[in-house]
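Summary of the model geometry
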Amino acid sequence: MKRISVIVTTYNWPEALKLCLDSLCAQTDRDFEILIADDGSRPENLDKARRYCAEAQVPVDYVHHEDKGFRAGTIRNKAAALSRGDYLLFVDGDCLMRPDFISKHRQLAEAGHFVPGNRILLSQAFTAEVLDKPLPLYLRNWPYFCLLRLQDKINRVLPLLQLPLGPLRLLQPQKWEKAMTCNLAVWKSDFIAVNGFDELFEGWGYEDSDLVIRLIHAGIRRKEGRFAVPVLHLWHPHHDKSRQDINYQRLMERLARQEFTVAERGVSQYLPSVPAR
């Protein structure tokens, strides 16, 4: 495998993004690039975020568009179109990655498969503490996280276990549930083949599930990333979910259509060399 492209989605939270970038700069495997997918941060936050990116110790490109509501799929498509790697790793800008995150994802990468990881959620109060100090949580050891769990500062600790699992990772090849773009890896060629995220999913909800369902319909199988590549997810308020029901209805319709694999309005519009579908 050549370079990995890490696509980091952010919106108006440069302090969290800085910690996210710090955790990426602490990776043992440094053969990757970072693309920031900014879904419309305000000018003052955009300036801060760009400054933090300029200080990063790995290559960073910044993609930003106007704030027209939650359009994470759109900005991720734009970032993916600019990526130079052949393997895309989607994370959120309020997630912290442990130092072996990139290397473990590289080990799990396999042709014909996508890899969803899982996450550990921080409490609201502990998130404020981590940001205020700031605390390099991603460098802490197992006993430290056990203590955090006992103090209810994180919701669980088991995802930090490193288990080989082997063929057990392939037992649910068509499972689409709980595959989220706060921690999802996919070959760029497969991403382009299904036309990336479908921008018809406007507002919060299910654009990542739709991508995974179309990948599965196209013959790309799930390879489980649990017990290998967790992220530490900072607490944040919920997004506006006013379009959740509409998006879920569209998702269920597509789930039933095995032949539906290509997004109606996807990444191809940002790839001049790829004909519009």
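The following refers to the structure shown. (Residues numbered from 1 in each chain as written. Predicted model: local features only at pLDDT ≥ 70, side-chain atom pairs only at ≥ 80, totals over all residues. Heavy atoms only, no water.)

The buried fraction of strand β1 (residues 4-10) is high, at seven of seven residues. Every second residue of β1 is oriented toward a common face, with Ile4, Val6, Val8 and Thr10 on one face and Ser5, Ile7 and Thr9 on the other, all of them buried. As paired elements, β1 and strand β2 (residues 32-38) share seven bridges and run parallel to each other. The residue of β2 that forms the bridge with Ser5 is Glu33. Regarding the hand of the β-α-β motif, the stretch spanning β1, helix α1 (residues 14-25) and β2 is right-handed. (Buried < 20%, exposed > 50% of the residue type's maximum accessible area, 1.4 Å probe, protein only. Helix = DSSP H or I, 4+ residues; strand = E, 2+ residues; numbered from the N terminus. Pairing = 2+ DSSP bridges. Right-handed = clockwise from strand over helix to strand, strands pointing away.)

Cis peptide bonds are those with omega within 30 degrees of zero, and the linkage from Lys133 to Pro134 qualifies with -25°. The residue Leu165 is not glycine, and still its phi comes out positive at about 60°. Positionally, Leu165 belongs in the loop between α6 (142-150) and β8 (183-187). Residue classification places Leu165 among the partly exposed positions, given a relative accessible area of 26%. Even without being glycine, Lys178 reaches a positive phi, approximately 60°. By the secondary structure assignment, Lys178 is in the loop between α6 and β8. With relative accessibility at 58%, the residue Lys178 sits in the exposed group.

The tally for this structure, following the rule as stated, stands at six aromatic pairs. Note on Phe90 and Phe191: the rings are 5.6 Å apart at their centroids and 40° apart in plane angle, and the pair reads as tilted. With Phe90 in strand β4 (residues 87-92) and Phe191 in helix α7 (residues 188-193), this residue pair connects regions lying 101 residues apart in the sequence. Between the aromatic rings of Phe90 and Phe197, the centroid separation amounts to 5.4 Å while the plane-to-plane angle is 85°, which identifies the pairing as edge-to-face. Of this pair, Phe90 sits in strand β4 while Phe197 is found in the loop between α7 and α8 (207-217), placing the two residues 107 residues apart along the sequence. Judged on exposure class, the residue Phe90 and its partner Phe197 are both buried. Through successive ring pairs, a cluster of aromatic residues spans Phe90, Phe191 and Phe197. Lying across the ring of Tyr52, Lys18 places its NZ or CZ 6.0 Å from the centre. (Phe/Tyr/Trp six-rings, centres within 6.5 Å; stacked < 30°, edge-to-face > 60°. Lys NZ or Arg CZ within 6 Å of the ring centre and 35° of its normal.)

Function cannot be read off these values alone, since they describe shape.
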